[in-house]
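# Observations on the model geometry
Next come the chains, spelled out residue by residue.
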Amino acid sequence: MTDRGSKRTATARAQRPGLGHAHEAEPSKAARLRAELFAPRLSFIMEAHNGLSAKIVEEAGFMGIWASGLSMSAALGVRDSNEASWTQVLDQLEFMSDATTVPILVDGDTGYGNFNNVRRLVKKLCQRHIAGVCIEDKLFPKTNSFIGEAQPLADIDEFCGRIKAGKDSQSDDDFVLVARVEALISGWGMDEALRRAEAYRQAGADAVLIHSKKSTADEIVAFSREWAGRSPIVIVPTMYYRTPTAVFENAGIGMVIWANHNLRAALSAMRAVSGRIMREQSLAGIEHEIASVKEVFELVGQQELIQAESRYLAPPRVAPRAVVLAATQGAKLGPLTATRPKCMIDVRGQPLLRRLISTLNECGVRDITVVRGFRKETVDLANVKAVDNDRHAETGEVASLACAAGALDGECLISYGDILFRPYILDDLLSAEGDVVVVADARWESPGHRAPDRAIDRVKCARPFTGSYLDEGPAPLVAISTEIPAPETHGEFIGLIKLSERGSSEVAAEIARMHADGSRETADLPELLTRLMARGVAVSVLYITGHWLDVDDAFDLAKARNLI
Ligand code: SPV
Ligand code: MG
């Protein structure tokens, strides 16, 4: 049996307090690779070529990953001839390192140039928590060892310079540099292999990878015997794959790299699946023979993201419901509303109500209850709930609202069915604070805004609209009625209200009281609001300046048709 003393000595060194990351609770990936390499047992690392395959290697139980140059290149569809740049390899490694917790030994080819390139490579690998690098004593650009014969080898001293430069550049004391000896592959013989291995060890290499392309392990075993445990030996038994693992164990090998088998497995599987789908023009045959979409989600940690979302994302805003009061005929519009209610009057190709519902939808309000009345069968809109106020001719707005009492649960909007407004108004209302917030137009007196004799619902607030950009929030409402004198009027109620959850229950309770005292039947929304205020419920006003319209008479309708 080969002397394994060097492994034990080095293990003791790696575990000495104060060296590398030994002081940390969790040893670094490099420390773990180093400990494994120097442990008095045979270790195995498995090839991966991207984040997904790296995860699979860890999942299978391997203590480490071989980031194979051949496999990473092939996965990118290029040759193992440094066609992928070293920074492109670095990008792959970053994904692999992020995706896993086990150490990665990266195939650094020749180091991508001379000592200077190795310095930069090692620095960047340490920054990405790559545990170690293996560099081979060939020339840039490299060729895969299994291609051709007698590939030129690097000058020993020049290669020793690459090793020293790499070791001097590591920022993690435990980072592992493996020197790969290609002398046997290139036909330079055992003595040259041993001479090189010793020079590389003296230059600072932590371990030696002795590569062979023979179909038996004879030369590897012979090398190991001569090497006599001077440092750990790493092997790649791709060509001598038949060799029982016990032979490596008995030869005192430190680490075996299964170098390309995930890439080759993926290639076979992808060819088989692509071929079948191409031939069968159906997924039915292969669905149960391949990994499920669920397995993909599991492997990439979808569950963790779901948990993180619940920790970090603001809870999704629950869009309020809306009740649209659309029961009235709108007799002031004459023949236009003889056979349909005014909410269904066409305004440039669309009923008014459909436009209103589009605006509500646009602002995320989807649960909409429309209270129908006059010619209710003509109010026929998709994706809204309809409730009917069959006594619309004798009753008023509050009676209609009572028909939709079920919607007064949680945050709720109340809108007249004959108004239109720009979506930003609704967005502002939805983000306004307050239990009962009504929208009022501060430009109620604009010339040409109304037919001269038209009565409007005026609001008087604790403060007038100032036009200031400094957001003071909604202004407390003091009074709302058609009777407020002009000098005291601060705005015109547009027929749009937002209720908080508490506001909704206050409104529902008030409607119940109005029912009990007989005032519900003919009351309008301003009366309801006045009663709420009298009870101490805070009602506030969100000021707007235009950008809305209602359709009450022929004047309004003409204006609406011009505006839209
Ligand atoms: C690799 O996996 O890229 C290697 C090992 O370098 S080998 O292909 O066997 O040379
Ligand atoms: Mg390689």
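Here the structure is a predicted model, which means the values were calculated and not measured.

## Describing the overall build of the protein
- Assigned secondary structure in the protein consists of 19 helices and 21 strands.
- Taking 2.2 N^0.38 as the reference for a compact globule, 564 residues should give roughly 24 Å; the C-alpha atoms of the protein span a radius of gyration of 40 Å, well beyond that estimate.
- Structurally, the protein occupies a C-alpha span of about 110 × 60 × 45 Å along its principal axes.
- When burial is assessed residue by residue, the protein has 51% of its 564 residues classed as buried.
- In the protein, once contacts between residues fewer than 6 apart in sequence are set aside, the share between residues at least 24 apart is 74%.

## Details of the packing of helix H7 (residues 156-169) against helix H8 (residues 189-203)
- It is at 9 Å that the axes of H7 and H8 come closest, and there the two elements cross at 35 degrees. Here the hand of the crossing between H7 and H8 comes out right-handed. On H8, the residues touching Ile-156, Phe-159, Cys-160, Ile-163 and Lys-164 of H7 are Glu-192, Arg-195, Arg-196, Ala-199, Tyr-200 and Ala-203.
- Per-class residue counts for the contact of H7 with H8 are 7 nonpolar, no polar and 4 charged.

## Remarks on the site of ligand 1
- In the region of ligand 1, the neighbouring residues are Trp-66, Ser-68, Gly-69, Leu-70, Asp-107, Asn-144, Ser-145, Phe-146, Arg-180, His-211, Val-236 and Ala-259.
- In the model, an oxygen atom of ligand 1 is placed 2.6 Å from a nitrogen or oxygen of the Ser-68 side chain.
- Contact between ligand 1 and Gly-69: an oxygen atom at 3.2 Å from a main-chain N or O atom of the residue.
- Per-class residue counts for the shell around ligand 1 are 5 nonpolar, 5 polar and 2 charged.

## Re the packing of aromatic side chains
- Using the criterion set out here, one finds 6 aromatic pairs in the structure.
- Ring centres of Tyr-240 and Phe-248 lie 5.9 Å apart, and the angle between their planes is 75 degrees; this geometry places the pair in the edge-to-face category.
- Taking the ring centre of Trp-188 as reference, the NZ or CZ of Arg-196 above it sits at 5.3 Å.

## Regarding the pattern of salt bridges
- Applying the stated criterion to the full structure yields 44 salt bridges.
- Between Glu-192 and Arg-196 there is a salt bridge; the shortest N-O distance is 2.7 Å. Linking Glu-192 with Arg-196, this pair stays in helix H8, spanning 4 residues, or about one helical turn. Arg-196 carries the same exposure label as Glu-192, and that label is buried.
- A salt bridge links Glu-219 to Lys-214, with the shortest nitrogen-to-oxygen separation between them at 3.4 Å.

## A short note on H8
- The first and last C-alpha atoms of H8 sit 21 Å apart over 15 residues, in line with the 21 Å expected at 1.5 Å per residue.
- Buried residues along H8 sit against H7, strand E5 (176-181), strand E6 (207-210) and helix H9 (218-227).
- Count one or two residues on from H8 and you reach Gly-204, which has phi positive near 120 degrees.

## A look at unusual backbone geometry
- A cis amide bond, omega -5 degrees, links Phe-140 with the succeeding residue Pro-141.
- Here Pro-141 shows up in the loop between strand E4 (132-136) and H7.
- In the Ramachandran plot, His-129 falls in the positive-phi region, its phi being about 60 degrees despite a non-glycine side chain.
- Relative to the assigned elements, His-129 resides in the loop between helix H6 (115-127) and E4.
- One non-glycine residue, Ala-150, adopts positive backbone phi at about 50 degrees.
- Tracing the backbone shows Ala-150 in the loop between E4 and H7.
- Overall, the relative accessible area of 53% leaves Ala-150 in the exposed class.

## Examining H9
- What H9 keeps buried is the set Glu-219, Ile-220, Phe-223, Ser-224 and Trp-227. Around the axis of H9, the buried residues are gathered within 140 degrees of arc, so they sit on the same side. Structural note: H9 exposes Asp-218 and Arg-225 on the side pointing more than 90 degrees away from its buried face.
- The elements touched by buried residues of H9 are H8, E6 and strand E7 (233-235).
- Immediately beyond the C-terminal end of H9, within one or two residues, lies Ala-228, with a positive phi of roughly 55 degrees.

## So, the confidence of the model for the protein
- Overall, the predicted model of the protein reaches an average pLDDT of 92, with 96% of residues at or above 70.
- Within the model, pLDDT remains below 50 along residues 1-23, and this stretch shows 48 contacts once partners closer than five positions in the same chain are excluded.

Conventions and cut-offs
Residues numbered from 1 in each chain as written. Chains lettered and ligands numbered in written order. Predicted model: local features only at pLDDT ≥ 70, side-chain atom pairs only at ≥ 80, totals over all residues. Heavy atoms only, no water. Helix = DSSP H or I, 4+ residues; strand = E, 2+ residues; numbered from the N terminus. Rg over C-alpha atoms; globule rule 2.2 N^0.38 Å. Buried < 20%, exposed > 50% of the residue type's maximum accessible area, 1.4 Å probe, protein only. Contact = heavy atoms within 4.5 Å. Axes fitted to C-alpha atoms, helices over the stretch in contact; angles between N-to-C directions. Left-handed = near helix turned anticlockwise from the far one by under 90°. Nonpolar A, V, L, I, M, F, W, Y, C, P; charged D, E, K, R; others polar. Near = heavy atom within 4 Å. Polar contact = N/O pair within 3.5 Å; in protein donor to acceptor, adjacent residues only side chain to side chain. Phe/Tyr/Trp six-rings, centres within 6.5 Å; stacked < 30°, edge-to-face > 60°. Lys NZ or Arg CZ within 6 Å of the ring centre and 35° of its normal. Salt bridge = Lys/Arg side-chain N within 4 Å of Asp/Glu carboxyl O. Expected span 1.5 Å × (residues − 1). Arc of directions from axis to C-beta. pLDDT = per-residue confidence, 0-100.

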